[in-house]
Amino acid sequence: LDIMSQAGKEGNFELSDMAKHLPAIAAQARALGMTGETAVSRITSALQIMRKGTGDASSAATNMENVLQKIISPEVTEKFKKLGIDIRAELKKVQDAGGDIFEMLVAQTQK
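Quantities reported herein were computed from a predicted structural model and do not represent experimental measurements.

Colleague: What's the story with the pattern of salt bridges in this structure? I'm lost.
Modeller: Should their charged atoms come close, side chains of opposite charge can pair. Going through the model one piece at a time under the given rule, you end up with four salt bridges. Taking the shortest distance from any N to any O, the salt bridge between Lys 79 and Glu 75 comes out at 3.3 Å. Of this pair, Lys 79 and Glu 75 both sit in helix H5 (residues 74-82), four residues apart, which is roughly one turn of that helix. As far as burial versus exposure is concerned, Lys 79 and Glu 75 are alike and both exposed. Notably, a salt bridge pairs Lys 92 with Asp 96, separated by 3.0 Å at the nearest N-O pair. Within this pair, Lys 92 and its partner Asp 96 are both found in helix H6 (residues 87-97), separated by four residues, close to a single helical turn.

Colleague: How should the packing of helix H2 (residues 15-31) against helix H3 (residues 36-52) be read in this particular structure?
Modeller: Packed helices, taken two at a time, are described by the angle between their axes plus the distance between the axes. Contact geometry of H2 with H3 gives a least axis separation of 11 Å together with a crossing angle of 120°. Looking at the two axes, H2 sits oblique to H3. Along this stretch, H2 crosses H3, giving a crossing that reads as right-handed. Within the contact between the two elements, H2 uses Met 18, Leu 22, Ile 25 and Ala 29 and H3 uses Ile 43, Thr 44, Leu 47 and Gln 48. For the contact of H2 with H3, a count of residues per class yields six nonpolar, two polar and no charged.

Colleague: Would you explain the nonpolar core in this entry?
Modeller: As a rule of thumb, nonpolar side chains are buried together in soluble globular proteins. Judged by nonpolar contacts, the single largest core of 29 residues is most densely connected at Ile 25, Ile 43, Met 64 and Ile 101. Counting only elements with at least two residues in this core, the list comes to helix H1 (2-10), H2, H3, helix H4 (57-70), H6 and helix H7 (101-110).

Colleague: Can you help me understand H2 in this one?
Modeller: Two residues of an α-helix separated by three or four positions point the same way, owing to the 3.6 residues in each turn. For H2, with 17 residues, the first-to-last C-alpha span of 23 Å sits near the 24 Å given by 1.5 Å per residue. The largest bend in H2 amounts to roughly 55° and is located at His 21, with the proline Pro 23 lying one to four residues further along. Buried residues of H2: Asp 17, Met 18, His 21, Leu 22, Ile 25, Gln 28 and Ala 29, and no others. Looking at the buried residues of H2, the elements they touch are H1, H3 and H4. Note on H2: the residue one or two positions beyond its end, Gly 33, has a positive phi of about 90°.

Procedures and definitions
Residues numbered from 1 in each chain as written. Predicted model: local features only at pLDDT ≥ 70, side-chain atom pairs only at ≥ 80, totals over all residues. Heavy atoms only, no water. Salt bridge = Lys/Arg side-chain N within 4 Å of Asp/Glu carboxyl O. Helix = DSSP H or I, 4+ residues; strand = E, 2+ residues; numbered from the N terminus. Buried < 20%, exposed > 50% of the residue type's maximum accessible area, 1.4 Å probe, protein only. Axes fitted to C-alpha atoms, helices over the stretch in contact; angles between N-to-C directions. Parallel < 35°, antiparallel > 145°, perpendicular 65-115°, else oblique. Left-handed = near helix turned anticlockwise from the far one by under 90°. Contact = heavy atoms within 4.5 Å. Nonpolar A, V, L, I, M, F, W, Y, C, P; charged D, E, K, R; others polar. Core = buried A, V, L, I, M, F, W, Y, C linked by side-chain atoms within 4.5 Å. Expected span 1.5 Å × (residues − 1). Bend = angle between axes of the 7 residues up to and from the residue.

Structure follows, in structure tokens:
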């Protein structure tokens, strides 16, 4: 709760927004192996970044949900594969190492 409160104070995706949207986002993140305080910190940071690029908190939450849902979708997996990237293998590596899924996505997307 302290992590979320601090993130809300420092950004535009506020605690009330987190209370509304975080249950669904956290469930999706959990399915990708994100757990604990580190996951909360990474999720709230990503939400703050997404909020800067959207008109409102609901749009930022929707964008986050889309990212978490689609990272392992057949369509996205195939598109990365065409570029020579096994996104599921990269995700597994990050999960096993306890790394940041969002940083991995950015790095793989930049490739």
